[in-house]
Amino acid sequence: MSNGAVMLDDPVGIFIHTIDRLCRRPARGEGVEDSPHVARQPLLARWRGGQDKKEHVDRMGVPLVRLSKAGDWPQILAPQGGQAIHVISRGIPRAMPDIQQGEGVPEILSRIVSALRGMRLRFPRYELTALIVERLAESHGNVDQALHVLRESDRNWGWGVGAAGKGAGHAPFPLNLLLALLPGFLHDLRLSGRVPGLGGRFRWLRRALSGDASKASGVAALLAGLGRADEQADKQAVEQAVERAVERLLLRAFMDDLSGQYRRSPLHVRGAGHVFYPLLLLNEHGEALVKRIEERRADLGRFDPVVVVSYTPAAVLPEGDKALQQLSRWRRELVTAEDRDAWRRVLDTPLTISAPAVPADLTRYDVDDPAWVPPARLAPWWSSRTAIALFWMALAGMVGAYAGQTAAWHRNACATGLWTPWTESGRQLAGTECVGVAEPDYLFSPGNAEMRQVQAVLQQENERAAKLREGSDRPYVTIAYLAALTSTDRDALAAAREGLAGVAIAQRRQNNSAGASEPLVRILLANAGGRMEHGSSIARLLLRYRDEEAPIVGVVGLDQSRQETVAAIQELGKAGLPMVASTLSADRLVNESPFYFQVAPQNSRQAWMAAAFADSLVKKREVKRRARVYYSHDVTDYYASNLRARVVARLEEHRFAVEGLRFTPVGGGKPGPDDRSDDAYAGEPRDAGVSACGFDGLVYFAGRGIPDFAEFVKGVADKCADAPPTILGGDDVSRYAADVRIRSAVSGVGYYYESFAAAPNKCGEPQRHDFYAALFATFPFECEEPGPGRTLDGHAALAYDATETMITAIRRLGKERHRVPVNSYTVWRQLGTLYTPDQSGHAIEGATGALDFGAGSPRQYPLDKAVLILYAKGAERPTQVGLCGDVTRAGRSEIFPWCASVPEIYR
């Protein structure tokens, strides 16, 4: 039967082919495809000819074929066992239940589901509904009984409720009350079907029972009232109404299960793998189900992917060839239906015909002959179980790889959030420290609550500056704060927080100012590690940072005059990025780059002050004219070696007999065999403190205050707390003196130390500079004594002065007659002009004293910068002994009488 020539006038062929075609699912959309034997016109030709007839539509309803004489056709269409002849496509899911007389819809649907369940079809809604209906048969409209049945049907959740109830007896109050009540409440809420995302299949059951009413009652109440709308009807009428309602409910569950599996969407990939609609072959006893299907076809316009062929011996049929003509016309109208209305008009009246006589030779209609029935289209490869499994495996692999990459990114780049390949965090893990560049909203770890509060203020000011920038022509710039922002040392971390607090006050005061030349300042944090070990690499990272809207015009901060700090200065200088250091004082730093400035005095001035103070002590006969200078044996610590050399030289100028003693800093290594120093080695800092006992001259400590000086003082206390030597420490000892918790551990040893900032008065008292008033108002924890506040070391004030110096240079660019573009080079040039030629005032009235970089010949460090000497003992607040330099509101009595003799080179 090649090319279907016989099929056009063969009743058997037309009948078989019609059934096969009704069950074939189109590749796109839903409906009935045209005959696979008919040559299809190319799409381009149809478009040119203006003909684009649709071959299928989004079908609704169930195609229903009713046979007045079925004969052996049901067995032929659904062959059993090893029958060799198949007249319709083998892959069609089909069910031919053996329906007995008197069986109702529930029994028929149960047999159909059993037959179709093994053909890649699942029926979860039907199974739940059938289970509930079966158990509810004796409820007689009782809501409590319906709720009990629902709880039993939801086994997984019910087990959780029972487990929670058993565990409640072993839990303390009020947890036991929650365990006893909350799971049961949530379970009943789920069973009600009212809560999206919680009800699951019970949400569907509520819609099915209520006819999709949005404000319907819960599932239990709907089940109790199922089919009982008329309370006045007799018992038999009620039972019949309940029976009809149950039949409709089960049929809807069956149809909704099918339509759900035939959906085509990215979330239902397997739906595209169904290339045939199921075929139901019902014998003459299946009228009850056919009746319910006809009701659904009439009342509901839903997609029901099923074809029904039933036997109705009482049907009235057309005579002769009219049956063949009716079949041909009905099939053609289905194929050519171009919209839903046309499709529904065809289905309004089921096709009722008499099946043709079964021919003696069925082999000529065997589906294996492609000339008779072409092979069905294959399911898309991506809808197969293997493809879906591979997809989920690949997706799980990609998600796992992405999660692993995100975890590695968090671990190695100190990042937060999700990893994105096109972005960098600007940070990296170096050993146990996170170093790099970050916005203030990122807290370098370790941190604490006080550090978080300071950075929150910085972030708020950054956001405010960005908002103020909108619609304004004020300069908008970024200043990077480069320092040691992490440390395992509590005191070093507090010093880092103090520096950030000073920057925050300077930024807030500047952003609060108004005027066309007043810059809007944004702060960027750069952490170089606890000992500035990564200073040069972070400097290079800063140079790669780009923000066209708010470019980096300078760097403030810097920390610890070490080898890596020098490398960072050199890197920033090579890139033409100006720097203003806050606490650095080593003499060599100003020679490392012309772009480097500092607000602290040099060690040379500090050393001259130490020698002059020692000379005054000799004149008071408090010490002999001899001195010991203890310094850190750390070749990378330029501060200690430079301060030691300058102090020794100045003391010798004052005719002191000086000897140098080295000690190994805490955590450092002892001198090796290649050590060539002539100075004596005093061991650990504590040992060095012990060796200072009994010395009647001046003991000068040129090292780090924390932790080395803390150990040094403990060594003194161990041996000679009753008669300690006279100790004078360098400016870094201010870190030790500022922490009352640490210094109070040694209460019997007093000492002098140098400082670059006048200590503030207590909170509530008048302050020398309004910086401290703003600091205490912004960060109340600074007022706690003892507490986390430690402003006595001057780090906050020095950081404020460094930032204010950079801001002043930017501000002055806008005050020029012709406004100069703000960039790193123009800011550097302006930094070199921060001096007062006629000495009528000061360039900047800083919190640590006047900031003036020279008259006529500007320098890279301030002129006549204040150096103070204080005395501390135990937990008592340090007292100021005297000072040299210009300090705001300093009285004449505070200034040493010998300050006027400071040589010009040390001014």
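Up top you'll find the structure we're talking about.
Residues numbered from 1 in each chain as written. Predicted model: local features only at pLDDT ≥ 70, side-chain atom pairs only at ≥ 80, totals over all residues. Heavy atoms only, no water.

**Q** Explain the overall build of the protein chain here, please?
**A** Looking only at helices and strands, the protein chain features 28 helices and 22 strands. Put simply, the protein chain has 907 residues, and 53% of those count as buried. A separation of at least 24 residues holds for 70% of the contacts in the protein chain among residues at least 6 apart in sequence. (Helix = DSSP H or I, 4+ residues; strand = E, 2+ residues; numbered from the N terminus. Buried < 20%, exposed > 50% of the residue type's maximum accessible area, 1.4 Å probe, protein only. Contact = heavy atoms within 4.5 Å.)

**Q** Sorry if this is basic, but what is going on with the pattern of salt bridges here?
**A** Pairing between side chains of opposite charge can happen when their charged atoms approach one another. Summed over the entire model, instances satisfying the criterion amount to 46 salt bridges. In this structure, the salt-bridge partner of Glu-294 is Arg-66, at a minimum N-O distance of 3.4 Å. On the criterion of sequence distance, the pair formed by Glu-294 in helix α12 (residues 287-299) and Arg-66 in strand β1 (residues 64-67) is long-range, its members being 228 residues apart. For Arg-66, a relative accessible area of 12% corresponds to the buried category. (Salt bridge = Lys/Arg side-chain N within 4 Å of Asp/Glu carboxyl O.)

**Q** Help me understand the sheet that holds strand β13 (residues 626-632) in this model?
**A** Strand pairing in a sheet takes place through backbone hydrogen bonds and is either antiparallel or parallel in direction. Pairing within the open sheet is mixed, and its 8 strands lie in the order β15-β14-β13-β16-β17-β18-β21-β22. If you trace the sheet from one side to the other, it starts and ends with β15 (680-681) and β22 (879-884), each paired once. Of the strand pairs in this sheet, β13 and strand β16 (residues 698-702) are connected by 5 bridges, and their pairing is parallel. If you follow Val-629 over to β16, its bridge partner there is Tyr-700. Most of the contacts of helix α20 (residues 603-619) go to strand β18 (residues 750-755), to which it runs at about 145 degrees, and overall it touches β16, β17 (726-729), β18, β21 (867-873) and β22. The strands touched by helix α23 (residues 705-720) within the sheet are β13, β14 (657-663), β16, β17 and β18, with β16 carrying the most contacts at an inclination of about 155 degrees. (Pairing = 2+ DSSP bridges. Axes fitted to C-alpha atoms, helices over the stretch in contact; angles between N-to-C directions.)

**Q** Got a minute to help me understand helix α21 (residues 638-653) in this structure?
**A** One turn of an α-helix holds 3.6 residues; hence residues three or four places apart share an orientation. Its 16 residues give α21 an end-to-end C-alpha distance of 23 Å, which sits within 8% of 22 Å, the value for a rise of 1.5 Å per residue. Looking at the packing, one finds that the buried side of α21 touches α19 (563-574), α20, β13, β14 and β16. The N-capping residue of α21, defined by a side-chain oxygen 3.3 Å from the backbone nitrogen of Tyr-639, is Asp-637. Looking at the residues trailing α21, positive phi occurs at Arg-655, about 65 degrees. (Expected span 1.5 Å × (residues − 1). Polar contact = N/O pair within 3.5 Å; in protein donor to acceptor, adjacent residues only side chain to side chain.)

**Q** Would you mind going over the state of the cysteines with me for this structure?
**A** Structurally, a disulfide amounts to a covalent bond that connects the sulfur atoms of two cysteines. Scanning all chains against the criterion turns up 4 disulfides. With its sulfur 2.2 Å from that of its partner, Cys-414 forms a disulfide with Cys-434. Its S-S torsion of about 135 degrees marks the bond between Cys-414 and Cys-434 as right-handed, since a negative value means left-handed. Residue Cys-414 is located in the loop between α15 (385-413) and β6 (427-430), and its partner Cys-434 is located in strand β7 (residues 433-438); the two are separated by 20 residues in the primary sequence. Per residue, the accessibility class of Cys-414 equals that of Cys-434, and both read buried. (Disulfide = S-S within 2.5 Å.)

**Q** It is not clear to me how a positive patch on the surface should be interpreted in this structure. Could you clarify?
**A** Among the surface-exposed residues, Arg-120, Arg-122, Arg-201 and Arg-385 lie close enough to one another that they form a single positively charged patch. Structurally, Arg-201 is set in helix α9 (residues 201-210). (Patch = residues over 30% accessible without salt bridge, like charges linked within 9 Å, V, L, I, M, F, W, Y side chains within 5 Å. Areas by Shrake-Rupley, 256 points an atom, 1.4 Å probe, with all protein chains shown as cover. Lys, Arg positive; Asp, Glu negative; His and termini not counted. Charge placed at Lys NZ, Arg CZ, Asp CG, Glu CD.)

**Q** Hey, could you run me through the packing of helix α5 (residues 124-135) against helix α6 (residues 143-153) in this one?
**A** A pair of packed helices is characterised by two quantities: the angle between their axes and the separation of those axes. The contact between α5 and α6 brings their axes to 10 Å, and the two run at 140 degrees. Our classification of the angle between α5 and α6 gives oblique. You can see that α5 and α6 cross each other, and the crossing is right-handed. Note on element contacts: α6 touches α5 through Gln-145, Val-149, Leu-150, Glu-152 and Ser-153, opposite Leu-128, Leu-131, Ile-132 and Arg-135. (Parallel < 35°, antiparallel > 145°, perpendicular 65-115°, else oblique. Left-handed = near helix turned anticlockwise from the far one by under 90°.)

**Q** Whenever I open this one, unusual backbone geometry confuses me. Can you help?
**A** Both trends apply: most residues other than glycine have a negative phi, and most peptide bonds are in trans. Omega for the peptide link from Ile-706 to Pro-707 comes to 5 degrees, which places this bond in the cis form. Mapped onto the secondary structure, Pro-707 falls in helix α23. For Asp-212, which is not a glycine, the phi torsion comes out positive at approximately 65 degrees. Locating Asp-212 in the fold gives a position in the loop between α9 and α10 (219-224). Judged by its relative accessible area of 38%, Asp-212 falls in the partly exposed class. Of note, Leu-558 is a non-glycine position whose phi angle comes to about 60 degrees, a positive value.

**Q** For this particular structure, what's the right way to read the pairing of strand β8 (residues 476-483)?
**A** Two faces belong to every sheet, and in a regular strand the side chains alternate between them. For β8, the tally of buried residues reaches 8 of 8 residues, placing the bulk of the element in the interior. Burial along β8 is two-sided: Tyr-476, Thr-478, Ala-480 and Leu-482 facing one way and Val-477, Ile-479, Tyr-481 and Ala-483 facing the other are all buried. Bridge count for β8 against strand β9 (residues 520-527) is 8 bridges, and the pairing is parallel. Bridge pairing links Ala-483 to Asn-527 in β9. Relative to strand β10 (residues 552-557), β8 runs parallel, the two sharing 5 bridges. Its bridge partner being in β10, Ala-480 is matched across the sheet by Val-555.

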